[in-house]
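Breakdown of the fold
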Amino acid sequence: MWCPKCGCEKSKVVHTEKANNVRRWRRCVECGYPFITREIMECDDQDVKYARYTKLDDKQIGLFEDEH
């Protein structure tokens with residue numbers, strides 16, 4: 001991950017918070033500048049349907065019901 005202050009490619013993760021997305025608190029190993037990065041999940045209709053399936057305790061009831 002690039003440091004937004006000095007451009008160094010190396011940073012150390014000092015804290016991670018996982019919820020709907022992942023936030024990581026980082027510190028540049030060269031200049032010590034602290035910054036936050038976010039990982040956001042992107043999905044298409046297929047992924048959303050799969051996520052609904054996994055939330056149903058692996059039961060296939062209703063999976064892909066709107067596709068014929």
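None of these values were measured; they are calculated from a predicted model. (Residues numbered from 1 in each chain as written. Predicted model: local features only at pLDDT ≥ 70, side-chain atom pairs only at ≥ 80, totals over all residues. Heavy atoms only, no water.)

1. What about the UniProt feature "domain: Transcriptional repressor NrdR-like N-terminal" (unreviewed entry) in the protein chain?
Taking the numbering used here, the UniProt-annotated feature "domain: Transcriptional repressor NrdR-like N-terminal" (unreviewed entry) corresponds to residues 1-39. Here residues 1-39 is 0% helix and 54% strand, with 12 Å between the C-alpha atoms at its ends. (UniProt positions renumbered as here; feature names shortened; annotations may be inferred. Helix = DSSP H or I, 4+ residues; strand = E, 2+ residues; numbered from the N terminus.)

2. Regarding the sheet that holds strand β3 (residues 34-39)
Read from one edge of the open sheet, three strands run β1-β2-β3, paired in antiparallel fashion. If you trace the sheet from one side to the other, it starts and ends with β1 (11-18) and β3, each paired once. Along the sheet, successive strands turn relative to each other by an average axial angle of 25 degrees, direction set aside. In the sheet, β1 pairs with strand β2 (residues 22-28) via seven bridges, with the strands oriented antiparallel. Paired with S11 across the bridge in β2 is C28. (Pairing = 2+ DSSP bridges. Axes fitted to C-alpha atoms, helices over the stretch in contact; angles between N-to-C directions.)

3. Focus: the confidence of the model for the protein chain
When the pLDDT values of the protein chain are averaged, the result is 76; 62% of them are 70 or greater. When pLDDT is averaged over each element of the protein chain, β1 comes out on top at 94 and helix α1 (residues 45-55) at the bottom at 56. Scored below 50 in pLDDT, residues 60-68 shows nine contacts in the model against residues more than four places distant or in partner chains. (pLDDT = per-residue confidence, 0-100. Contact = heavy atoms within 4.5 Å.)

4. Here we look at the environment of R23
Counting through the fold element by element, R23 comes out in strand β2. The exposure class assigned to R23 is partly exposed, which follows from its relative accessible area of 22%. Sequence spacing of R23 and I40 is 17 residues, and the spatial spacing of their C-alpha atoms is 8.9 Å. If near-sequence neighbours (up to four positions away) are discounted, R23 is found in contact with H15, T16, E17, I36, T37 and R38. (Buried < 20%, exposed > 50% of the residue type's maximum accessible area, 1.4 Å probe, protein only.)

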